[in-house]
Amino acid sequence: MRVLVVDDSDVFQHVLSVMVAATPAFEVVGTASSGREALHLIDALDPQLVLVDLQLPELEGIETARRLREQHPDLVVALLTANRPVSLALPSLTIVDRQDASPEWLADFWRRHGDR
């Protein structure tokens, strides 16, 4: 699975990239530091899954996810937060606490959401 990591923190970009690399059959195809950068890279990188930080500069994570899905309806997007996960009125988006993210979580998440 091709994964794009979107986070304004270099540290969390690295942590998420290591988690993705540690998950069998997953690879990081790119990273972005903002929602605008992710929207710019999406076509060139052609990921199947995008991990998006909920709190991003310029363009918040929810709006970034909405626009990504608008451009690519089959794209799977997971929003990650360092704060307590909130509920969304958008059933196609999932918000996960970063502390819960692991290779096991990623593989399970893809099993549940990846086959569209």
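Above this text sits the structure in question.
1. Quick word on the packing of helix α2 (residues 35-45) against helix α3 (residues 61-71)
Turning to step 1, where the next piece is worked out: Interaxial distance between α2 and α3 falls to 10 Å at its minimum, and their mutual angle equals 15°. Considered as vectors, α2 and α3 are oriented roughly parallel to each other. The two elements α2 and α3 meet at a crossing, and its hand is right-handed. Along the contact surface, α2 presents Gly35, Arg36, Ala38, Leu39 and Ile42, while α3 presents Thr64, Arg67, Leu68 and Gln71.
Turning to step 2, where the next piece is worked out: In terms of residue class, the contact of α2 with α3 is made up of four nonpolar, three polar and two charged.

2. Quick look at the sheet that holds strand β4 (residues 76-81)
Turning to step 1, where the next piece is worked out: Taken together, the five strands give an open sheet; going across it, the order is β2-β1-β3-β4-β5, and neighbouring strands pair in parallel fashion. With one partner strand each, in any of the chains shown, β2 (27-32) and β5 (94-97) form the two edges of the open sheet. Going across the sheet, the axis of each strand differs from the next one's by a mean of 25°, ignoring polarity.
Turning to step 2, where the next piece is worked out: Inspection of the sheet shows strand β1 (residues 2-6) paired to strand β3 (residues 49-53) by four bridges, in the parallel sense. Bridged to leucine 4 within β3 is valine 50.
Turning to step 3, where the next piece is worked out: Along the sheet, α2 makes contact with β1, β2 and β3, crossing β2 at roughly 140°.
Turning to step 4, where the next piece is worked out: Along the sheet, helix α4 (residues 103-113) makes contact with β3, β4 and β5, crossing β4 at roughly 140°.

Rules and cut-offs
Residues numbered from 1 in each chain as written. Predicted model: local features only at pLDDT ≥ 70, side-chain atom pairs only at ≥ 80, totals over all residues. Heavy atoms only, no water. Axes fitted to C-alpha atoms, helices over the stretch in contact; angles between N-to-C directions. Helix = DSSP H or I, 4+ residues; strand = E, 2+ residues; numbered from the N terminus. Parallel < 35°, antiparallel > 145°, perpendicular 65-115°, else oblique. Left-handed = near helix turned anticlockwise from the far one by under 90°. Contact = heavy atoms within 4.5 Å. Nonpolar A, V, L, I, M, F, W, Y, C, P; charged D, E, K, R; others polar. Pairing = 2+ DSSP bridges.

None of this, on its own, says anything about what the molecule does.
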